[in-house]
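The chain contents come next:
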Amino acid sequence: MNIRQKLLTISEPLPDDKLAILLNLALVLKSGKTSVQPMFESQAYQDWLSVDNDIYDELFADEFTVR
């Protein structure tokens, strides 16, 4: 399986919010930039960093109650 086929196979089941992240990265790579800094400024990345996606509060909830 070549790289394009692998990418299609991997990306096909992804929901739109995850595809948005992949699209931003692809656009950065296509532009020829060697830095991914614009990706860090993207809305998809900022949404990913938001408190709504903070899994640590859930994972360590029992730790917070002990202290």
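Above this text is the structure in question.
Residues numbered from 1 in each chain as written. Predicted model: local features only at pLDDT ≥ 70, side-chain atom pairs only at ≥ 80, totals over all residues. Heavy atoms only, no water.

S.K.: Sorry if this is basic, but what is going on with the overall build of the protein here?
M.R.: The helix and strand inventory of the protein stands at 6 helices and 0 strands. When the elements of the protein are put in sequence order from the N terminus, they spell out α-α-α-α-α-α. For the protein, the residues scored as buried account for 7% of the 67 residues in total. For the protein, the accessible area works out to roughly 6,100 Å², and carbon and sulfur atoms hold 60% of it. (Helix = DSSP H or I, 4+ residues; strand = E, 2+ residues; numbered from the N terminus. Buried < 20%, exposed > 50% of the residue type's maximum accessible area, 1.4 Å probe, protein only. Areas by Shrake-Rupley, 256 points an atom, 1.4 Å probe, with all protein chains shown as cover.)

S.K.: What is the right way to read a negative patch on the surface from this model?
M.R.: Judged by side-chain charge, D16, D17, D47 and D52 come together as a negatively charged surface patch. Looking at the secondary structure, you find D16 in helix α2 (residues 16–30). Overall, D16 belongs to the exposed group, its relative accessible area being 67%. (Patch = residues over 30% accessible without salt bridge, like charges linked within 9 Å, V, L, I, M, F, W, Y side chains within 5 Å. Salt bridge = Lys/Arg side-chain N within 4 Å of Asp/Glu carboxyl O. Lys, Arg positive; Asp, Glu negative; His and termini not counted. Charge placed at Lys NZ, Arg CZ, Asp CG, Glu CD.)

S.K.: How should I be thinking about a nonpolar patch on the surface in this particular structure?
M.R.: Residues L7, L14 and L22 make up a contiguous nonpolar surface patch of roughly 220 Å² in combined accessible area. Structurally, L22 can be placed in helix α2.

S.K.: Before we go on, may I ask you to explain the side chain of S11 in this structure?
M.R.: Tracing the backbone shows S11 in helix α1 (residues 3–11). Classification of S11 by relative accessible area gives buried; the value is 13%. At a separation of 2.8 Å, a polar atom in the side chain of S11 contacts the main-chain carbonyl oxygen of L7. Setting aside chain neighbours within four positions, we find S11 in contact with L19 and L22. (Polar contact = N/O pair within 3.5 Å; in protein donor to acceptor, adjacent residues only side chain to side chain. Contact = heavy atoms within 4.5 Å.)

S.K.: How do you make sense of the environment of N53 when you look at a structure like this?
M.R.: Within the fold, N53 resides in the loop between α4 (43–49) and α5 (56–59). By relative accessible area, which is 40% here, N53 ends up partly exposed. Those residues in contact with N53 that lie beyond four places of it in its chain are D47 and W48.

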